[in-house]
Amino acid sequence: MTMFSATSPRNGRARSHLLPIAIGSAFAIAALALVAYLLWPTWGTVVGASAPEKLPVSIGNTLFNVPTAAIRMKIQRHSGPQERIDLDFLYPSLETPGALKHVTAENVDATMQPIDRIFLSIAAHHDALAPETRVATIYPRYLDPAPGTVDDGLAMRKFRAETPYGSEDLFSATSPPLSARCTRDAATPGMCLTERRIGGADLTFRFPRSWLGNWREVADAMEKLTAQMFGKRS
């Protein structure tokens, strides 16, 4: 009588097919873990002692020397060309922020904490409409015709309610120059946005609307940050 092996050729082929699948799955899991690590927020981490104090970063073919500790995302902490970089600086010291403490469900503080920093995004503009052109030609179309107010040299005009900026106000001054679009205080504090163009990049600053009480100091802080990373404006 012919004896059959307990392991048939069909079973052997099945195991041989499973091996590449298992190896591919392992590589996929490792790749996902790497992406998650790079994109995970850097709050609560400290830049290593061996990291350079500043990084030369090219955005829109324009070179900026960026403080490493101010970069908010790990994936952006490298020199060379980048499409965009996101930073924050303590105000009024303009120092780079320290590590935030780790927050858990047990130690979370539900109290609204005041914002103590200026946020800055630098991104390639790809020949989009310049910020100063937008202020001069686009915003006036949406402003309320009613006269605005002027307080300590800072003028304020409301946008019409039915416009894309209906929940915002436009603030402007000439000495020092400042133009900022600001949301109004509601469930969350109002925030201001102001932009400037340098070479192939647009710089977008964000800060609390409540700081406009000292608007000259805020304008000076943004000028200092720009000079520190790029040099004197042309």
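Above this text sits the structure in question.
Everything quoted here is computed from the prediction, not taken from an experiment. (Residues numbered from 1 in each chain as written. Predicted model: local features only at pLDDT ≥ 70, side-chain atom pairs only at ≥ 80, totals over all residues. Heavy atoms only, no water.)

(A) Inspection of the sheet that holds strand 4 (residues 84-90) at higher detail. Reading across the sheet, the eight strands line up as 4-5-11-10-9-8-7-6 and stay open at both edges, with antiparallel pairing between neighbours. Each of the sheet's edge strands pairs with one partner strand only, and the pair in question is strand 4 and strand 6 (149-151). The average angle at which neighbouring strand axes cross in this sheet is 25°, direction not considered. Sheet topology places strand 10 (residues 191-198) next to strand 11 (residues 201-208); eight bridges connect them, and they run antiparallel. Bridge pairing in strand 11 places Arg 196 opposite Leu 203. With respect to the sheet, helix 2 (residues 131-142) is in contact with strand 8 (168-174), strand 9 (177-183), strand 10 and strand 11, its orientation differing from that of strand 10 by roughly 120°. (Pairing = 2+ DSSP bridges. Helix = DSSP H or I, 4+ residues; strand = E, 2+ residues; numbered from the N terminus. Axes fitted to C-alpha atoms, helices over the stretch in contact; angles between N-to-C directions. Contact = heavy atoms within 4.5 Å.)

(B) Inspection of the side chain of Asp 202 at higher detail. You can see Asp 202 is positioned in strand 11. On the accessibility criterion, Asp 202 (12% relative accessible area) is buried. Polar side-chain contacts of Asp 202 include one of 2.7 Å to the side chain of Arg 197. (Buried < 20%, exposed > 50% of the residue type's maximum accessible area, 1.4 Å probe, protein only. Polar contact = N/O pair within 3.5 Å; in protein donor to acceptor, adjacent residues only side chain to side chain.)

(C) A look at the state of the cysteines. Within this structure, the stated rule accounts for one disulfide. Disulfide partner of Cys 182: Cys 192, at an S-S distance of 2.0 Å. Note on the Cys 182 and Cys 192 pair: the S-S dihedral is about 110°, so by sign convention the disulfide is right-handed. Taken together, the residues Cys 182 in strand 9 and Cys 192 in strand 10 connect sequence positions 10 residues apart. For the pair Cys 182 and Cys 192, a shared accessibility class is recorded, and that class is buried. (Disulfide = S-S within 2.5 Å.)

(D) Highlighting the layout of surface pockets. Put simply, the second largest pocket is a space of about 440 Å³. As for the second largest pocket, its lining consists of 20 residues, of which Leu 178, Ser 179, Thr 194, Glu 195 and Arg 196 are closest to the centre. Those elements that provide at least two residues to the lining of the second largest pocket are helix 2, strand 9, strand 10 and helix 3 (215-230). (1 Å grid on protein atoms, 1.4 Å probe; cavity = no way out; pocket = protein on both sides within 12 Å on 5 of 7 lines; lining within 4 Å. Points joined across faces, edges and corners; volume = space filled by probe spheres on them.)

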